[in-house]
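Residue-level structure breakdown
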Amino acid sequence: MNSLKKLLLLSITDKKMLFEAIVTLFLVKILVVLSPLRWYASLLGKEHAKSPEDPYANDIVFAISRAIVRGRKAFPWKTLCLCEAVTAKIMLNRRQVVSTLYLGVAKEKGTLIAHAWLRCGTTYVTGKRGMEKFTVVSTFA
């Protein structure tokens, strides 16, 4: 099934969520590329804090995760894990759902690499793949 058909078959709620994800991903991409983290860190929440790890399986969390996965396919460039995590954090904050954004680093072939992921309760909203090989250097809740 082609992308347009899939888009047309989405519910109105899913279409709105997808539109919000695409716009937010775009704005966050500009923010991340043009400014250092310290300039927008206050938007992410309290540094070195974590949200509760209670099981929290709200439909909105899964809907936001799906919207970001669908939204990143709409871009001609690759979205960064940081952009996806910040976008999810913003979308969850708008709905007053607490979450924790993790920033981690690892060494790969002698080079330092970074990764970002977002957790809400026990659910990983973005960046779950590969997160276990990274050492957490900062969190925002």
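For the structure given in this document, a descriptive report is provided here. Since the model is a prediction, treat every value here as computed from it, not as a measurement.

1. Quick notes on the side chain of Thr 100
- Structurally, Thr 100 can be placed in strand 1 (residues 100–108).
- Reaching out from Thr 100, the side chain makes a polar contact with the backbone nitrogen of Ser 51 at a distance of 2.6 Å.

2. A look at helix 2 (residues 12–34)
- Helix length check: helix 2 (23 residues) gives 33 Å between terminal C-alpha atoms against 33 Å at 1.5 Å per residue, within 8%.
- Of the positions making up helix 2, those classed as buried are Met 17, Leu 18, Glu 20, Ala 21, Thr 24, Leu 25, Val 28, Lys 29 and Val 32.

3. Remarks on a nonpolar patch on the surface
- Residues Phe 19, Val 23, Phe 26, Leu 27, Ile 30, Val 33, Leu 34 and Trp 77 make up a contiguous nonpolar surface patch of roughly 780 Å² in combined accessible area.
- Residue placement: Phe 19 occurs in helix 2.

4. Description of helix 5 (residues 81–94)
- With 14 residues, helix 5 ought to run about 20 Å at 1.5 Å a step, and its terminal C-alpha atoms sit 20 Å apart, in line with that.
- When helix 5 is considered as a whole, its buried residues turn out to be Leu 82, Cys 83, Glu 84, Ala 85, Val 86, Thr 87, Ala 88, Lys 89, Met 91 and Leu 92.
- Following helix 5 by one or two positions, Gln 96 adopts a phi angle in the positive range, close to 55 degrees.

5. Quick notes on the environment of Arg 119
- With respect to the helices and strands, the residue Arg 119 is situated in strand 2 (residues 111–120).
- With relative accessibility at 1%, the residue Arg 119 sits in the buried group.
- In this structure, the C-alpha to C-alpha distance between Arg 119 and Ser 51, residues 68 residues apart in sequence, is 8.5 Å.
- Sequence-distant contacts of Arg 119, defined by excluding residues within four places in its chain, comprise Lys 50, Ser 51, Pro 52, Glu 53, Ser 99, Thr 100, Tyr 102 and Tyr 124.
- Side-chain polar atoms of Arg 119 contact the backbone oxygen of Pro 52, separated by 3.2 Å.
- Polar side-chain contacts of Arg 119 include one of 2.7 Å to the backbone oxygen of Gly 121.

Rules used in this analysis
Starting afresh in each chain, residues are numbered from 1 along the sequence in its written order. pLDDT decides what is reported in this predicted model: residues at 70 or higher carry local features, side-chain atom pairs at 80 or more are listed and counted, and totals for whole chains, interfaces and linings draw on all residues regardless. Side-chain numbers come from the whole structure's heavy atoms, not from hydrogens or water. Where helices and strands are cited, they refer to DSSP runs of H or I of at least four residues and of E of at least two residues respectively, numbered from the N terminus. Think of a polar contact as two N or O atoms within 3.5 Å of one another; within protein, one of them needs to be a possible hydrogen donor and the other a possible acceptor, and neighboring residues in sequence only count if both atoms come from side chains. Expected helix span is given by 1.5 Å per residue-to-residue step, counting one fewer step than there are residues. Note on exposure labels: buried denotes an accessible area under 20% of the residue type's maximum, exposed denotes more than 50%, and partly exposed covers the range between, all computed with a 1.4 Å probe on protein chains only. Two joining distances apply to patches: 9 Å for like charges and 5 Å for nonpolar side chains (Val, Leu, Ile, Met, Phe, Trp, Tyr), and every residue must have over 30% relative accessible area and no salt bridge. Here the Shrake-Rupley method, with its probe set to 1.4 Å, supplies the accessible areas, and only the displayed protein chains count as covering residues. When a carboxyl oxygen of Asp or Glu lies within 4 Å of a side-chain nitrogen of Lys or Arg, that pair is called a salt bridge. Residue contacts are counted whenever heavy atoms from the two residues lie within 4.5 Å of one another.

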